[in-house]
Amino acid sequence: ESILRAMSFTDNFARLVVLAGHGANVVNNPFASGLQCGACGGYSGEVNARLLAGLLNSTEVRDGLIARGIVVPKDTLFVAALHDTTTDEITLYTQDCVSSAHSVDLKKAGDWFKSAGSVTRGERALRLPRAADHTDVR
């Protein structure tokens, strides 16, 4: 309840809610923890997103939320994700919340995230020296 209220997220739930943590894909970098989530103590926000999605998909938790004035529709699925801030790729942790009823929604979200990452990398590439166009290098 406290987490949802802190995010002002207490009604109008979508059918699919993505809870994304963020982190940085870095290797052999002495400043690696500084590139991760500060709120997560210099680690990726993946664990927190996965834990919260699992809790909010729990029938018992949802029943408890109703008693506190927050009604999450039965067809709402929470799925955790990780936004890699160095590559702008988003990983959806669909294996944590298997739902055949949401397979189309999850596929669509994955496609949107893939497209958004490509556009973002292209825009960022234009700011690099000698950048000619915004084509995705992946």
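These numbers were taken from a predicted model, which means no experiment stands behind them.

Some points on the overall build of the chain
Then step 1. Counting its secondary structure elements, the chain contains four helices and three strands.
Then step 2. Ordering the α and β elements of the chain from the N terminus gives α-β-α-α-β-β-α.
Then step 3. Counting across all 138 residues of the chain, residues that qualify as buried make up 31%.
Then step 4. Long-range pairs, those at least 24 residues apart, make up 57% of the contacts in the chain between residues at least 6 apart in sequence.

Details of unusual backbone geometry
In terms of backbone geometry, most residues other than glycine have negative phi values and most peptide bonds are trans.
Then step 1. The backbone of Ser-8 sits at a positive phi, close to 55°, despite the residue not being glycine.
Then step 2. Mapped onto the elements of the fold, Ser-8 is located in the loop between α1 (2-6) and β1 (16-23).
Then step 3. Phi at Asn-12 is positive, roughly 55°, even though this residue is not glycine.
Then step 4. With respect to the helices, strands and loops of the structure, Asn-12 is situated in the loop between α1 and β1.

A short note on the sheet that holds strand β3 (residues 89-92)
Then step 1. The strand order across the open sheet built from three strands is β1-β2-β3, with neighbouring strands paired in mixed fashion. Pairing within the sheet leaves two strands with one partner each, and these edge strands are β1 and β3. Taken pair by pair, the neighbouring strands of this sheet meet at an average axis angle of 30°, ignoring direction.
Then step 2. Together, β1 and β2 (77-84) form the strand contacts of helix α2 (residues 46-56), whose direction differs from that of β2 by roughly 175°.

Structural notes on the side chain of Asp-84
Then step 1. Along the chain, the position of Asp-84 falls in strand β2.
Then step 2. In this structure Asp-84 comes out as buried when scored by relative accessible area, which is 13%.
Then step 3. At 2.6 Å, the side chain of Asp-84 and the side chain of Thr-86 are in polar contact.
Then step 4. Setting aside chain neighbours within four positions, we find Asp-84 in contact with Gly-23, Ala-24, Asn-25 and Glu-89.

A short note on the nonpolar core
Then step 1. Counting 15 residues, the largest nonpolar core has Leu-19, Leu-56, Leu-65, Ile-70, Val-72 and Phe-78 as the members making the most contacts within it.
Then step 2. At four residues, α2 tops the list of elements feeding residues into this core.
Then step 3. When neighbours within four sequence positions are excluded, Leu-56 is seen to be in contact with Leu-4, Leu-19, Arg-62, Leu-65 and Phe-78.
Then step 4. Counting eight residues, the second largest nonpolar core, distinct from the first, contains Leu-16, Ala-81, Cys-97 and Leu-106.

As for helix α3 (residues 59-67)
Then step 1. Backbone nitrogen of Glu-60 and a side-chain oxygen of the N-cap are separated by 3.3 Å at the start of α3; the cap is Ser-58.
Then step 2. Count one or two residues on from α3 and you reach Gly-69, which has phi positive near 90°.

Here is what the cut-offs are and how they apply
- Residues numbered from 1 in each chain as written.
- Predicted model: local features only at pLDDT ≥ 70, side-chain atom pairs only at ≥ 80, totals over all residues.
- Heavy atoms only, no water.
- Helix = DSSP H or I, 4+ residues; strand = E, 2+ residues; numbered from the N terminus.
- Buried < 20%, exposed > 50% of the residue type's maximum accessible area, 1.4 Å probe, protein only.
- Contact = heavy atoms within 4.5 Å.
- Pairing = 2+ DSSP bridges.
- Axes fitted to C-alpha atoms, helices over the stretch in contact; angles between N-to-C directions.
- Polar contact = N/O pair within 3.5 Å; in protein donor to acceptor, adjacent residues only side chain to side chain.
- Core = buried A, V, L, I, M, F, W, Y, C linked by side-chain atoms within 4.5 Å.

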